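# Reading the structure
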Amino acid sequence: MSAVVSRVSAPAVLMYHSISASSEPDPHAIRVHPDRLDRHLGLLRRLGLRGVSQTELLHAVDRGQAAGLVGLTFDDGFADFLTTAVPVLARHGMTATVYVVAGHMGATNSWDTGPQFPIMTADQVRAAAAAGHEVGSHTMTHARLAGAAPATLAAEVGDSRRLLEDVLQAEVPGFCYPYGSYDAAAADAVRAAGYDNACVTGDYVPGDRHTLPRCYVSPRDTRAHILARLVRHGVRIRRPLPAPGR
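Every residue gets a number counted from 1 within its own chain, in the order that chain's sequence is written. In keeping with the predicted nature of the model, local features appear solely for residues at pLDDT of at least 70, side-chain atom pairs appear and are counted solely at 80 or more, and the whole-chain, interface and lining totals rest on all residues. Side-chain numbers here rest on the full set of heavy atoms in the structure, without hydrogens or water.

Right, let's get into the environment of Val70. Secondary structure elements follow DSSP: runs of H or I no shorter than four residues count as helices, runs of E no shorter than two count as strands, and numbering proceeds from the N terminus. By the element assignment, Val70 lies in strand S5 (residues 69-76). Separated by 20 residues in the primary sequence, Val70 and Arg50 place their C-alpha atoms 6.0 Å from one another. Not counting residues up to four positions away in its chain, the partners in contact with Val70 are Ala12, Leu14, Leu44, Leu49, Arg50, Gly51, Val52, Leu57 and Leu230. Contact definition: two residues touch when any of their heavy atoms are within 4.5 Å.

Spelled out as structure tokens, the structure:
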């Protein structure tokens with residue numbers, strides 16, 4: 001039976017993947033140029049906002065102190081998070097959560113068609129954490145979790161957390177559903193594995209602590225697009241939930 005959920009009213013969370021100046025094909029639209037990231041973060045600063053990790057954002061929500069914050073997340077754990085995104089984040093005094101595909105540390109994004117790029121090694125994951133960024137789990141293999149068998153959920157959700165905690169020798173409180181693919185059983189598995197929070201992509205229902213919505217950032221997004229996403233989030237988060245059965 002699914003847990004009773006309570007919707008979380010939190011500031012917007014921006015969803016990035018790779019940060020790279022590479023000119024190779026990007027068929028899945030996941031690669032943002034570092035100069036563009038720099039402009040996005042500069043906009044946040046001009047708006048009086050500070051980017052923080054997902055868990056820090058939620059803890060601020062719990063304390064009623066989330067005004068002026070925005071969540072920053074980077075999916076998959078690409079090595080360019082450490083080499084390229086972290087210096088940009090540091091220039092703006094911001095932190096982020098990087099969701100690592102735990103079973104692919106030191107390998108590549110082999111779940112994707114198209115160009116292959118390195119995923120952080122265990123040492124690089126530790127370096128990202130040492131630089132002040134949160135490391136979260138993105139499963140073991142980047143599997144779609146909606147409709148997955150219980151044994152698959154246990155391995156992808158639970159084993160990935162244990163592996164990352166072994167690498168970091170620290171708690172891993174955050175989880176991210178690959179492809180935004182989840183259902184009630186997947187969310188229950190995330191809760192059962194002990195995660196404090198988990199995020200999806202753009203789904204605002206149910207929008208509880210283990211199905212938190214995020215705003216996807218595309219490689220072509222300008223500062224105007226980012227501003228529009230922040231405004232749209234503010235409108236959507238205040239909408240009432242649909243009535244049961246609808």
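Picking up where we left off.
Patch criteria: residues need more than 30% relative accessible area and no salt bridge. Like-charged residues are merged within 9 Å; nonpolar side chains of Val, Leu, Ile, Met, Phe, Trp and Tyr are merged within 5 Å. Exposure was quantified through the Shrake-Rupley algorithm and a 1.4 Å probe, taking into account, for residues, occlusion by the shown protein chains and nothing else. In what follows, salt bridge is the name for a side-chain nitrogen of Lys or Arg lying within 4 Å of a carboxyl oxygen of Asp or Glu. A cluster of nonpolar residues, Leu47, Leu227, Val231 and Val235, forms a patch on the protein surface that exposes about 320 Å² of accessible area. Assignment of secondary structure puts Leu47 in the loop between helix H1 (34-46) and strand S4 (50-52). Relative accessible area decides the class of each residue, using a 1.4 Å probe on protein chains only: under 20% of the type maximum gives buried, over 50% gives exposed, and in between gives partly exposed. Accessibility expressed as a relative area gives 40% for Leu47, which makes it partly exposed.

What follows concerns the packing of aromatic side chains. Centre distance within 6.5 Å is the pairing criterion for rings of Phe, Tyr and Trp, where only the six-membered ring of Trp is used; planes under 30 degrees apart are then read as stacked, over 60 as edge-to-face, and the remainder as tilted. This structure, assessed with the given rule, holds 5 aromatic pairs. Between the aromatic rings of Tyr16 and Phe74, the centroid separation amounts to 5.2 Å while the plane-to-plane angle is 15°, which identifies the pairing as stacked. Here Tyr16 is found in strand S1 (residues 13-16), whereas its partner Phe74 is found in strand S5, with 58 residues between them in sequence. Relative to Tyr177, the ring of Phe175 lies with its centre 5.2 Å away and its plane at 85°, an arrangement referred to as edge-to-face. Take Phe175 and Tyr177: they sit in the same class, and that class is buried. One aromatic cluster in this structure is built from Phe175, Tyr177, Tyr182 and Tyr195. The rule for a charge over a ring is simple: NZ of Lys or CZ of Arg within 6 Å of the ring centre, and within 35 degrees of the ring normal. The positively charged end of Arg144 is found above the aromatic ring belonging to Tyr179, 3.8 Å away from the centroid. The ring of Tyr195 carries Arg161 above its face, with NZ or CZ at 5.2 Å from the centroid.

Below, the discussion takes up helix H7 (residues 223-237). Each helix should span, by expectation, one fewer than its residue count multiplied by 1.5 Å. Under the 1.5 Å per step criterion, the end-to-end length of H7 is 21 Å for 15 residues, consistent within 8% with the ideal 21 Å. Turning to H7, its buried residues number three or more, namely Ile226, Arg229, Leu230, His233, Gly234 and Ile237. Around the axis of H7, the buried residues are gathered within 135° of arc, so they sit on the same side. Away from the buried face of H7 by more than 90 degrees, exposed residues Ala224 and Val231 are located. Next to the buried residues of H7 lie S1, H1, S5 and strand S10 (215-216). Note: the arc covers the axis-to-C-beta directions of the helix.

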